[in-house]
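Chain by chain, the residues:
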Amino acid sequence: MVDVVLPAATVDDAGALSALDVDVWRASYRRILSRALLDGLPQSPFHDPQYFLAVVDRSGMDEWLWVIEAEDALAGYCHFGACKDPGCGYLGEIARLYLRPAIQGQGIGTRILGAAAHRLVDEGLVPIRATVFEDNRRARRLYERLGAEYVGRQVVFEDQGKPVWDCTYGWADPAALLAAASGGVGKDRQGG
Ligand SMILES: CC(C)(COP(=O)(O)OP(=O)(O)OC[C@H]1O[C@@H](n2cnc3c(N)ncnc32)[C@H](O)[C@@H]1OP(=O)(O)O)[C@@H](O)C(=O)NCCC(=O)NCCS
């Protein structure tokens, strides 16, 4: 099993997380988003280093940004915390989880979702939701395998004039998510 460490991100990580984010989107969403959109990602305010600096700045109270290190190298990140949409009925949210393609499919995402769920439960941020591109079959399968219920779909932006749909999943009872943490991401090795 790959050993994973989850330090809290710092301002020094912002540039590397932005670059990793762009790499993972380009590798993972080629069939979901247009080439033009993927080419323009470094200029997007949701992917550039400023975005990550702002998240680091807010992190610690009810929002967390974990760097994912596997075999001593940057392998991804997980951003989660209090749900930013107060009217939606969910208190916690897994906002982003991205892993480099080379380490996908080895159970690491499952373990990290479980570890994030433990933190959300500890903070009373339940029920939990997550959104994912509707065409992201793999992530949807993973959430469903971990007990998430499909909540609904919504257009998130337009790509070359076409709507891109997100779908929302919810865990009213995160038991299956919590169980997923077993194996490899010890509490003492997680970020603040
Ligand atoms: C989605 C994502 C976070 C999942 O993380 P992951 O580590 O790849 O997921 P897991 O390995 O835990 O589970 C995914 C698959 O691998 C399989 N798997 C689990 N453990 C495994 C292992 N030890 N060896 C091989 N495969 C394994 C699972 O059965 C699952 O199979 P499925 O795709 O048929 O459902 C990751 O693939 C990713 O970063 N993708 C791109 C970005 C993305 O889609 N993010 C989610 C939306 S924010």
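Before reading on, note that the structure itself is shown above.
Conventions we followed
- Residues numbered from 1 in each chain as written.
- Predicted model: local features only at pLDDT ≥ 70, side-chain atom pairs only at ≥ 80, totals over all residues.
- Helix = DSSP H or I, 4+ residues; strand = E, 2+ residues; numbered from the N terminus.
- Rg over C-alpha atoms; globule rule 2.2 N^0.38 Å.
- Buried ≥ 20, exposed ≤ 12 C-beta atoms within 10 Å, placed from the backbone.
- Contact = placed C-beta atoms within 7 Å.
- Near = placed C-beta within 6 Å.
- Nonpolar A, V, L, I, M, F, W, Y, C, P; charged D, E, K, R; others polar.
- Pairing = 2+ DSSP bridges.
- Axes fitted to C-alpha atoms, helices over the stretch in contact; angles between N-to-C directions.
- Expected span 1.5 Å × (residues − 1).
- Arc of directions from axis to C-beta.
- Core = buried A, V, L, I, M, F, W, Y, C linked by C-beta atoms within 7 Å.

Draft legend 1. Local environment of the overall build of the protein. Counting its secondary structure elements, the protein contains six helices and seven strands. When the elements of the protein are put in sequence order from the N terminus, they spell out β-α-α-α-β-β-β-α-β-α-β-β-α. Since a compact globule built from 192 residues should have a radius of gyration of about 16 Å, the 16 Å found for the protein is in line with a globular shape. The dimensions of the protein, computed from C-alpha atoms along their principal axes, are 45 × 35 × 30 Å. Residue burial in the protein is summarised as follows: out of 192 residues, 31% are buried. Restricting the contact set of the protein to residue pairs at least 6 apart, pairs at least 24 apart contribute 66%.

Draft legend 2. Structural context of the site of the ligand. Around the ligand, the structure places 20 residues, and the nearest of them are Leu99, Gln104, Gly107, Gly109 and Thr110. Mapped onto the shell around the ligand, the elements with two or more residues apiece are helix 1 (14–28), strand 4 (92–99), helix 4 (108–122) and helix 5 (137–145). Considering each element in turn, the shell around the ligand owes the most residues, five residues, to helix 5. Its residues assigned to classes, the shell around the ligand shows eight nonpolar, eight polar and four charged.

Draft legend 3. Region of the structure containing the sheet that holds strand 3 (residues 73–82). Strand order in the open sheet formed by seven strands is 1-2-3-4-5-7-6, with mixed pairing between adjacent strands. Edge positions in the sheet fall to strand 1 (4–5) and strand 6 (149–159), since each has one partner strand and no second. Running over the sheet, helix 1 touches strand 3 and strand 4 and is turned about 95° from strand 3.

Draft legend 4. Quick peek at helix 1. With 15 residues, helix 1 should cover 21 Å at 1.5 Å per step; its first-to-last C-alpha distance of 21 Å lies within 8% of that length. Among all positions in helix 1, only Ala14, Leu17, Ser18, Leu20 and Asp21 are buried. In an axial view of helix 1, the angular spread of the buried residues amounts to 165°, which keeps them on one side of the axis. Elements that come into contact with the buried residues of helix 1 comprise helix 3 (49–58), strand 3 and strand 4.

Draft legend 5. Molecular detail of the nonpolar core. The biggest cluster of nonpolar side chains holds 41 residues, and the ones touching the most others in it are Trp66, Ile68, Tyr77, Cys78, Ile112, Leu113 and Ala116. For this core, the elements supplying multiple residues, two or more each, are helix 1, helix 3, strand 2 (63–70), strand 3, strand 4, helix 4, strand 5 (128–133) and strand 7 (162–171). Considering every element that reaches this core, the biggest residue donor is helix 4, with seven residues. In this view, Ile68 contacts Val4, Leu6, Ala75, Gly76, Tyr77, Cys78, Leu99 and Ile112; residues no more than four positions away in its chain are not counted.

Draft legend 6. Structural view of the pairing of strand 7. As paired elements, strand 5 and strand 7 share six bridges and run antiparallel to each other. Residue pairing in the sheet places Val132 in a bridge with Cys167 of strand 7. Pairing of strand 6 with strand 7, which is carried by nine bridges, proceeds in the antiparallel orientation. By the bridge assignment, Arg153 is partnered in strand 7 with Cys167. Hairpin geometry of strand 6 and strand 7 is characterised by an intervening segment of two residues between the two adjacent antiparallel strands and by a positive phi of about 55° at Gln160.

Draft legend 7. Just unusual backbone geometry, in detail. Residue Val126 is joined to Pro127 through a cis peptide bond whose omega torsion reads 5°. When you line up the elements, Pro127 lands in the loop between helix 4 and strand 5. Positioned with a positive phi, Asp72 is a non-glycine residue whose angle comes to about 65°. Among the secondary structure elements, Asp72 is positioned in the loop between strand 2 and strand 3. Phi is positive for Gln160, close to 55°, though the residue is something other than glycine. Residue position: Gln160 is located in the loop between strand 6 and strand 7.

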